[in-house]
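Below, each chain spelled out in residue letters.
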Amino acid sequence: MPLPRIELSGRVGDQVFAAMHSAILSGELAVGDRLRIRDLAEELGTSVMPVREAIRRLEEIGLAESLPYRGAVVRGFTHTELLELYSTRRLLEIEATRLGATRVSDEDLASMRKEYAAMETAVADGDSLEYLDSDERFLAILYRAADNSVLVELIQALWNRCRTYKILGARQAFDTAHPAELLTWQEQLLEAASEHDETRATTITAASLDAAIDRIRASMNDA
């Protein structure tokens, strides 16, 4: 699907980067898709230079890579790289959960409940992208309560890096007979956070990411 033309205002390079970044995070540009500079420039209504700059920036944050004889493509990950990403996420998100659960406010909890309701709606509607967006906003509220901006920035950067894998996983889950299982961990985490139970909350976060790591390892065995 062609990318929508952008409204040229402000710094064009930033606009092109934002458009391509959004297309990758939404799955519109999928893993392995070639980032043909002239085609993208024509679709977006710009010259080739801002597109070259955007691709360079996407490579810097791990969402694109240049391959011999193919040029730039949306980056995928080997099973080993995914395991490393998720193992690092596990370390950081357990700590963010531990700190956040003890400091989360009533206002934060109300916002988490709102995002949980949005996830329920997304599951009912079969909308995997909205489910992922709501899930990340839900977790970000708890993690920001930890009052460590660097920790949250690192976690969100890792979310972005493995976003294409998360999209695939969510879509596969929506194709199963029990999509409501997508809400199990969040429901438990919301309850633990509401009680400021850091021990239970960190156990839930660890179990959730351990389950994701187990799925990656299982797919390695099936390959």
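Scroll up to find the structure this text is about.
Residues numbered from 1 in each chain as written. Predicted model: local features only at pLDDT ≥ 70, side-chain atom pairs only at ≥ 80, totals over all residues. Heavy atoms only, no water.

Chemist: Describe in detail the layout of surface pockets, supporting the description with residues and values.
Modeler: Taken as a whole, the largest pocket spans an internal volume of roughly 920 Å³. In terms of lining residues, the largest pocket is bounded by 32 residues, among which Y131, L182, S208, A212 and R215 are the most central. Secondary-structure elements contributing two or more residues to the lining of the largest pocket are α4 (79-103), α6 (128-144), α8 (163-174), α9 (184-194) and α10 (198-222). No other element matches α10, which puts eight residues into the lining of the largest pocket. (1 Å grid on protein atoms, 1.4 Å probe; cavity = no way out; pocket = protein on both sides within 12 Å on 5 of 7 lines; lining within 4 Å. Points joined across faces, edges and corners; volume = space filled by probe spheres on them. Helix = DSSP H or I, 4+ residues; strand = E, 2+ residues; numbered from the N terminus.)

Chemist: I'd like a description of the nonpolar core, backed by residues and values.
Modeler: A general trend in soluble globular proteins is that nonpolar side chains are found buried together. Grouped together as the largest cluster of nonpolar side chains are 46 residues, with contacts concentrated most on Y86, M112, Y131, F138 and Y143. Looking at this core, the elements that each hand over two or more residues are α4, α5 (106-125), α6, α7 (149-161), α8, α9 and α10. With eight residues, α6 is the single largest residue contributor to this core. Excluding residues that lie within four positions of it along the chain, Y131 makes contacts with M119, A122, V123, F174, L182, L183 and Q186. One finds F17, L29, V51 and A72 within the second-largest nonpolar core, a separate group that totals 20 residues. (Core = buried A, V, L, I, M, F, W, Y, C linked by side-chain atoms within 4.5 Å. Buried < 20%, exposed > 50% of the residue type's maximum accessible area, 1.4 Å probe, protein only. Contact = heavy atoms within 4.5 Å.)

Chemist: Before we move on, could you go through the packing of aromatic side chains and cite the residues and values that matter?
Modeler: Counted according to the given criterion, the structure contains two aromatic pairs. Relative to W159, the ring of Y143 has its centre 6.1 Å away and its plane inclined at 35 degrees; by these criteria the two rings are tilted. Placement of the pair is Y143 in helix α6 and W159 in helix α7, with a sequence separation of 16 residues. On the basis of relative accessible area, Y143 is assigned to the buried category, the value being 1%. Taking relative accessible area as the criterion, W159 reaches 3% and is therefore assigned buried. Over the aromatic face of F17 sits the side chain of R57, whose NZ or CZ is 4.1 Å from the ring centroid. (Phe/Tyr/Trp six-rings, centres within 6.5 Å; stacked < 30°, edge-to-face > 60°. Lys NZ or Arg CZ within 6 Å of the ring centre and 35° of its normal.)

Chemist: So, the packing of α6 against α8: which residues are in play, and what are the values?
Modeler: Where α6 meets α8, the axes come as close as 9 Å, and the angle between the chain directions of the two elements is 120 degrees. Classified by the angle their axes make, α6 and α8 are oblique. Where α6 crosses over α8, the handedness of that crossing is right-handed. Taking contact as the criterion, the partners of S128, L129, Y131, L132, D133 and E136 in α6 are, on α8, R163, K166, I167, A170, R171 and F174. (Axes fitted to C-alpha atoms, helices over the stretch in contact; angles between N-to-C directions. Parallel < 35°, antiparallel > 145°, perpendicular 65-115°, else oblique. Left-handed = near helix turned anticlockwise from the far one by under 90°.)

Chemist: Explain the side chain of S128 to me, and be specific about the residues and the numbers.
Modeler: Mapped onto the elements of the fold, S128 is located in helix α6. For S128, a relative accessible area of 9% translates into the label buried. Apart from residues no more than four positions distant in its own chain, S128 is found in contact with A170, R171 and F174.

From the geometry alone we can't say anything about function, so treat these as descriptive.
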